[in-house]
Amino acid sequence: QVQLVESGGGLVQAGGSLRLSCAASGRTFSRYVMGWFRQAPGKEREFVAAIKWSGGTTSYAGSVKGRFTISRDNAKNTVYLQMNSLKPEDTAVYYCATKTGLTFTGPYDYWGQGTQVTVSS
C-alpha cells in the first residue's frame, strides 16, 4: 500500500519561503512520477509541479515557474517543494501525489492528506 505524508505547510508573509516535504512508502518508486498539486477555497485542484523519480526531469505550472523548485532524495524516498517569493494567491492546501509511468500527464493514483499553506499580504 502506497502511503504519502506531507509536511512543512504553515503561515508565511508574502515574499517569504516554505519547503514542503512528501515522504513516500509502500513500494519502489523508480518508475513513478511524483507531483504536487494545490487546491484553494472555491477553486479546482491544479497542478503545481512534478518530477520523474528516475532521472529527475521536472515540470512546472506557469504560475510557479521560477519561484518553486521540486526535488527528490532517493535515499529518503522523499520529494520536496521549495517555494520562494510566495504570493497570497499561492494560499491553498498542497497535496503530494504519485502515478505510474513516465509521463507527467494522466491520472495520479495515490494522494497524501494535504498540508495547508497560507500566505498573508
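To keep things clear, this report deals only with the structure shown in the data block. (Residues numbered from 1 in each chain as written. Predicted model: local features only at pLDDT ≥ 70, side-chain atom pairs only at ≥ 80, totals over all residues. Heavy atoms only, no water.)

Points about the overall build of the protein chain
- The helix and strand tally for the protein chain stands at 0 helices and 11 strands.
- Listing each helix as α and each strand as β along the protein chain from the N terminus yields β-β-β-β-β-β-β-β-β-β-β.
- With respect to the principal axes defined by its C-alpha atoms, the protein chain has extents near 40 × 25 × 25 Å.
- Taking the contacts inside the protein chain whose residues are at least 6 apart along the sequence as the reference set, 56% of them involve residues at least 24 apart.
- Total accessible area on the protein chain stands at roughly 6100 Å², and carbon and sulfur atoms take up 46% of it. (Helix = DSSP H or I, 4+ residues; strand = E, 2+ residues; numbered from the N terminus. Contact = heavy atoms within 4.5 Å. Areas by Shrake-Rupley, 256 points an atom, 1.4 Å probe, with all protein chains shown as cover.)

Observations regarding the nonpolar core
- By size, the foremost hydrophobic cluster in this structure holds 30 residues, and its most contacted members are Met34, Trp36, Leu81, Met83 and Tyr94.
- Put simply, the parts of the chain that give this core at least two residues each are strand S3 (18-25), strand S4 (32-39), strand S5 (46-52), strand S7 (68-73), strand S8 (78-83), strand S9 (92-100) and strand S11 (115-120).
- Judged by nonpolar contacts, the second largest core, of 6 residues, contains Phe37, Ala50, Ala97 and Phe104. (Core = buried A, V, L, I, M, F, W, Y, C linked by side-chain atoms within 4.5 Å. Buried < 20%, exposed > 50% of the residue type's maximum accessible area, 1.4 Å probe, protein only.)

Comments concerning the pattern of salt bridges
- By the definition in use, this model includes 3 salt bridges.
- Between Arg67 and Asp90 there is a salt bridge; the shortest N-O distance is 2.8 Å. Placement of the pair is Arg67 in the loop between strand S6 (58-60) and S7 and Asp90 in the loop between S8 and S9, with a sequence separation of 23 residues. Asp90 carries the same exposure label as Arg67, and that label is buried.
- Among the ionic contacts, a cluster of salt bridges with common partners joins Arg38, Glu46, Arg67 and Asp90. (Salt bridge = Lys/Arg side-chain N within 4 Å of Asp/Glu carboxyl O.)

Describing the sheet that holds S3
- Spatial ordering of the open sheet is given by S1-S3-S8-S7, a layout of 4 strands whose pairing is antiparallel. Looking at which strands have only one partner, the edges of the open sheet turn out to be strand S1 (3-7) and S7. Each strand axis lies, on average, 15° off the axis of its neighbour in the sheet, ignoring direction.
- Where S3 and S8 come together, 6 bridges link them in antiparallel fashion. Across the sheet, the residue bridging to Ala23 is Thr78, located in S8. (Pairing = 2+ DSSP bridges. Axes fitted to C-alpha atoms, helices over the stretch in contact; angles between N-to-C directions.)

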